[in-house]
Structure formats: C-alpha cells, structure tokens
Amino acid sequence: MEQEKIIEKKSDSIEQHKFDENFDIADFIDKHDLKKTTLKKNNTPKVIIIAIIAICIIIFVVLALIGMSFSNSSDSGPKLDIKGKWQQEDGTVLEITSTQLIMDSGTMNYKIVDEGEMILGSGNDSISAAYKIDDELGMLFLIIPYGDETVTLEYVRVDE
C-alpha cells in the first residue's frame, strides 16, 4: 500500500513538470518571479572605470615616449671620429690627425670649431670649410669653398 502511494506521488510530480501543448512563455514568466533571479547591478562607479582607463592611457603614452627616446639614442650609435685614414674613389689618401690633414700633395693644419665646421690653414691663409661624416656608409664629405663655388670631396674610411 505504501508503495502504491509513493508511485502515485512520483507520477503526480512528473505530471507537474510536463508542459502542456498550449505552453505560453508569458504564462511561464508570470509564474516565476524573474525579478528575484536577475543579476545584481554592478556597483562599481563609472568614475572609477574612467579613471582606470585614463591611467592606462597615460602609462601607454609615457612608455611610448620612453621607447622613442631609447630608439633615437640607439640609432645614433657610435660616432665616427674624423681622425684616421680616408680614401677617395681615385685612390687619393687623406690622413687626419688631431691637428693636421696629411695628403699626397702636402700637409695642412686644421681646427674643428663646431660640429660639422672646421678651419683649414692658419692665419690669413685660413678658410672655413664644412664636413659631414656618414656613420652608416663610413664616409667623410669635405665641403670646401673654391671661389664662388664649393667643392665636395668624398672619402671612405680606410681600415688600419
């Protein structure tokens, strides 16, 4: 007898969970209070989120600027010194010491007055000339005034 009651209760509970053919989602929603099952609202204020985003942007900009300064300093690399042996394409050799330019045709005093600028000769016979060292190519360009024009002499570093 008890076994029959248990079986009846089980079949009743199964019947309760079955949907009838006329199932309506609106009825389902009405039967279940969905307001109780909704997620709680996020209590994090929007101001904090905006502040965190702003801090991340500032950090990103600072790191980008630091990276740019490192890349600029590493690109410059070791500068070639003007002193040493240089050779033109035709084989003419120019040796530069700390005070003299020594060429096949003779010796001339010089003095560096600024980055890219030198004085050739001394006294009344001196002239101002420009120079440029291309680190990547290992080249020296001497730009010497000659009358109303300038002459550019190109030299390549000679390994000693």
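Now for a quick tour of the structure. (Residues numbered from 1 in each chain as written. Predicted model: local features only at pLDDT ≥ 70, side-chain atom pairs only at ≥ 80, totals over all residues. Heavy atoms only, no water.)

## A look at a nonpolar patch on the surface
Alright, step 1. Together, Ile-49, Ile-53, Ile-57, Phe-60, Val-61, Leu-65 and Met-68 make up an exposed nonpolar region whose accessible area comes to about 700 Å².
Alright, step 2. By the secondary structure assignment, Ile-49 is in helix α4 (residues 46-76). (Patch = residues over 30% accessible without salt bridge, like charges linked within 9 Å, V, L, I, M, F, W, Y side chains within 5 Å. Areas by Shrake-Rupley, 256 points an atom, 1.4 Å probe, with all protein chains shown as cover. Salt bridge = Lys/Arg side-chain N within 4 Å of Asp/Glu carboxyl O. Helix = DSSP H or I, 4+ residues; strand = E, 2+ residues; numbered from the N terminus.)

## As for the pairing of strand β7 (residues 139-146)
Alright, step 1. In this sheet, β7 lies alongside strand β6 (residues 127-134) in antiparallel orientation, the contact comprising five bridges. Residue pairing across strands places Tyr-131 opposite Leu-142, the latter belonging to β7.
Alright, step 2. In this structure, the hairpin formed by β6 and β7 is closed by a connection of four residues, where Gly-138 is found at a positive phi of approximately 65°.
Alright, step 3. Relative to strand β8 (residues 149-157), β7 runs antiparallel, the two being bridged by eight bridges. When the sheet's bridge partners are listed, Tyr-146 is paired in β8 with Glu-149.
Alright, step 4. Between the antiparallel neighbours β7 and β8 lie two residues, among them Gly-147 with a positive phi of about 65°. (Pairing = 2+ DSSP bridges.)

## Considering the sheet that holds β8
Alright, step 1. Strand order in the closed barrel formed by eight strands is β1-β2-β3-β4-β5-β6-β7-β8, and the pairing between neighbours is antiparallel. Strand-to-strand twist of the sheet, defined as the mean angle between neighbouring strand axes without regard to direction, takes the value 35°. (Axes fitted to C-alpha atoms, helices over the stretch in contact; angles between N-to-C directions.)

## Describing a negative patch on the surface
Alright, step 1. Among the surface-exposed residues, Glu-89, Asp-90, Asp-104 and Glu-154 lie close enough to one another that they form a single negatively charged patch.
Alright, step 2. Within the fold, Asp-104 resides in the loop between β3 (100-103) and β4 (106-114). (Lys, Arg positive; Asp, Glu negative; His and termini not counted. Charge placed at Lys NZ, Arg CZ, Asp CG, Glu CD.)

## A few points about the nonpolar core
Alright, step 1. Judged by nonpolar contacts, the single largest core of 14 residues is most densely connected at Leu-94, Ile-96, Met-118, Leu-140 and Leu-142.
Alright, step 2. Broken down by element, this core gets its largest block of residues, three residues, from β7.
Alright, step 3. What Leu-94 contacts, discounting residues up to four positions off in sequence, is Gly-84, Lys-85, Trp-86, Leu-101, Ile-102, Met-103, Leu-140, Leu-142 and Tyr-155. (Core = buried A, V, L, I, M, F, W, Y, C linked by side-chain atoms within 4.5 Å. Buried < 20%, exposed > 50% of the residue type's maximum accessible area, 1.4 Å probe, protein only. Contact = heavy atoms within 4.5 Å.)

## With respect to the pairing of β3
Alright, step 1. Pairing of strand β2 (residues 93-96) with β3 involves three bridges; the strand directions are antiparallel. Counted as the bridge partner of Glu-95 is Ile-102 from β3.
Alright, step 2. The turn linking β2 back onto β3 is made up of three residues.
Alright, step 3. Pairing analysis gives four bridges linking β3 to β4, with the strands arranged antiparallel. When the sheet's bridge partners are listed, Ile-102 is paired in β4 with Thr-107.
Alright, step 4. Hairpin connection between β3 and β4: a loop of two residues separates the two successive antiparallel strands.

## Looking at the pattern of salt bridges
Alright, step 1. Applying the stated criterion to the full structure yields one salt bridge.
Alright, step 2. Measuring nitrogen to oxygen at the nearest pair gives 3.6 Å for the salt bridge that ties Lys-83 to Asp-81.
Alright, step 3. For Lys-83, a relative accessible area of 39% gives the class partly exposed.
Alright, step 4. The class of Asp-81 is partly exposed, set by a relative accessible area of 39%.

## A short note on the side chain of Asp-134
Alright, step 1. Mapped onto the fold, Asp-134 is located in strand β6.
Alright, step 2. Comment: no salt bridge for buried Asp-134; closest opposite-charge side chain is Lys-132, at 4.4 Å.
Alright, step 3. Of the polar contacts made by the side chain of Asp-134, one reaches the backbone nitrogen of Leu-137; its length is 3.1 Å. (Polar contact = N/O pair within 3.5 Å; in protein donor to acceptor, adjacent residues only side chain to side chain.)

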